Amino acid sequence: FVNGMYAGQRRNGYVPFRVSLDCYLRYGEANTIRVEARAHQDSRWYSGLGIYRDTVLIVTPLAHIAADGVRVTTPDVDDERAVVEIATTVQNEDVGTRTLMLLTQLRDEHGATVTSDRTPVTVRPGASTVVRQRLYLRNVQRWNVNSPYLYQIHTTLQDDDSEIDSAMARFGVRTLRVDPQHGLRINGETVNLRGACIHHDNGPLGAAAFGRAEERRIEILKSAGFNAIRSAHNPVSPAMLDACDRLGMLVLDEAFDMWLEGMKPFDYALD
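Parameters at a glance
Residues numbered from 1 in each chain as written. Predicted model: local features only at pLDDT ≥ 70, side-chain atom pairs only at ≥ 80, totals over all residues. Heavy atoms only, no water. Helix = DSSP H or I, 4+ residues; strand = E, 2+ residues; numbered from the N terminus. Buried < 20%, exposed > 50% of the residue type's maximum accessible area, 1.4 Å probe, protein only. Contact = heavy atoms within 4.5 Å. Areas by Shrake-Rupley, 256 points an atom, 1.4 Å probe, with all protein chains shown as cover. Lys, Arg positive; Asp, Glu negative; His and termini not counted. Charge placed at Lys NZ, Arg CZ, Asp CG, Glu CD. Disulfide = S-S within 2.5 Å. Pairing = 2+ DSSP bridges. Phe/Tyr/Trp six-rings, centres within 6.5 Å; stacked < 30°, edge-to-face > 60°. Lys NZ or Arg CZ within 6 Å of the ring centre and 35° of its normal. Salt bridge = Lys/Arg side-chain N within 4 Å of Asp/Glu carboxyl O. Polar contact = N/O pair within 3.5 Å; in protein donor to acceptor, adjacent residues only side chain to side chain. Axes fitted to C-alpha atoms, helices over the stretch in contact; angles between N-to-C directions.

Asks: So what about the overall build of the protein? Which residues, and what values?
Replies: Scanning the protein from N- to C-terminus turns up 2 helices and 13 strands. With the C-alpha coordinates of the protein rotated into their principal frame, the extents come out at 55 × 55 × 35 Å. Considering the protein as a whole, with its 271 residues, one finds that 37% of them fall into the buried category. Of the contacts formed within the protein by residues at least 6 apart in sequence, a portion of 59% connects residues at least 24 apart. Carbon and sulfur atoms make up 49% of the accessible area of the protein, which totals about 16,700 Å². Taken as two groups, the 30 positive and 35 negative side-chain charges of the protein have centres that lie 3 Å from each other.

Now the structure itself:
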């Protein structure tokens, strides 16, 4: 709710969502934003009550990089080099067409720039566009469960050499293949999954997804010999996904609990 007016909702409390507040704001005045968590009946046992993942207020310039607007893929990898493709969504909420510059830097795990690209982008008012860039990475350090090497993509949106927005994404370079003969192969080597199911809770800490607590769970599982987790029965938190990337843990990220047939009167099967 913004200034007492209903602005939006998400039925599944484990899934990230965004609500645009612009049309509800009173410019030049104090504004009140109220976020409610309503509990009815979960599909299973007590799973926590309240807002247990981060709630943030995002303020951007009129022309900006879209939220989660940087997508990185590595479609072609061999022993000599890797092709890194970056697709960046740029939005323009201004009243006029904007012509900007998108600077994308590929950095190693220490933050040193390996290669970069600058691409002009023109966006009409009230529209968005996807800027596609291709970088070539040599002497590749590949990601795997035993050596989880991560590169970084730093994207900067510039207007006359002045930075107006930026975004960062970590990624690993690896190839994946699945077939009945060899099973799962990462970088050409068969990997047997040694997995465990985890629920959305941190034991005596409760259901709040503290970043360090999520990381600690993955550290303990890795030290016990696990290399994969399945989230039961909801998507895991961004903090846990980040920890899995950094520590070398594969993830089966379950979407939601109920499908067409419910367990309880108010579970997610209604949607």
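Asks: Please provide a residue-by-residue account of the state of the cysteines, values included.
Replies: Throughout the structure, instances matching the rule amount to 0 disulfides. Here cysteine 197 is not disulfide-linked; the sulfur of cysteine 244 is the nearest cysteine sulfur, at 13 Å. On the accessibility criterion, cysteine 244 (0% relative accessible area) is buried.

Asks: Give a detailed account of the sheet that holds strand 9 (residues 183-186), specifying residues and quantitative values.
Replies: Spatially, 8-9-10 is the arrangement adopted by the 3 strands of the open sheet, whose pairing is antiparallel. In this open sheet, the two strands that pair with only one neighbour each are strand 8 (176-179) and strand 10 (189-190). Relative to strand 10, strand 9 runs antiparallel, the two being bridged by 2 bridges. Paired with arginine 185 across the bridge in strand 10 is threonine 190.

Asks: Tell me about the packing of aromatic side chains, residues and numbers included.
Replies: Applying the stated criterion across every chain, the model contains 6 aromatic pairs. Judged by centre distance (5.6 Å) and plane angle (40°), the rings of tyrosine 14 and tyrosine 52 are tilted. Remark: tyrosine 52 occurs in the segment before strand 1 (63-77) and tyrosine 14 occurs in the segment before strand 1; sequence separation between them is 38 residues. As far as burial versus exposure is concerned, tyrosine 14 and tyrosine 52 are alike and both buried. Site record: aromatic cluster; members linked through ring pairs are Tyr149, Tyr151 and Phe171. The lysine or arginine in question, arginine 34, covers the ring of phenylalanine 1, its NZ or CZ lying 4.3 Å from the ring centre.

Asks: Explain the side chain of threonine 155 to me, using residue names and the numbers behind them.
Replies: Its location among the elements puts threonine 155 in strand 6 (residues 151-159). A relative accessible area of 0% means that threonine 155 is categorised as buried. In this view, threonine 155 contacts Ile65, Val70, Thr88, Leu102, Leu103, Thr104, Asp165, Ser166 and Ala167; residues no more than four positions away in its chain are not counted.

Asks: Just give me the short version of the pattern of salt bridges, but keep the residues and values in it.
Replies: For the structure shown, the criterion picks out 18 salt bridges. With a closest N to O distance of 3.1 Å, aspartate 94 and arginine 98 form a salt bridge. When the shortest N-O distance is used, the salt bridge between arginine 212 and glutamate 219 registers 3.2 Å. For arginine 212, a relative accessible area of 48% translates into the label partly exposed.

Asks: Report on the side chain of arginine 81, specifying residues and quantitative values.
Replies: The residue arginine 81 is located in strand 2 (residues 81-92) in this model. For arginine 81, a relative accessible area of 17% translates into the label buried. There is a polar contact of 2.9 Å between the side chain of arginine 81 and the side chain of aspartate 76. Not counting residues within four places of it along the chain, the set of residues in contact with arginine 81 comprises Asp76, Tyr136, Leu137, Arg138 and Val140.

Asks: Can you explain the sheet that holds strand 1? Please cite residues and give values.
Replies: Spatially, 1-2-5 is the arrangement adopted by the 3 strands of the open sheet, whose pairing is antiparallel. Either end of the sheet is taken by a strand with one partner, and the two such strands are strand 1 and strand 5 (127-138). Along the sheet, successive strands turn relative to each other by an average axial angle of 20°, direction set aside. One ladder, built from 12 bridges, connects strand 2 with strand 5; its direction is antiparallel. Paired with alanine 82 across the two strands is leucine 137, which belongs to strand 5.

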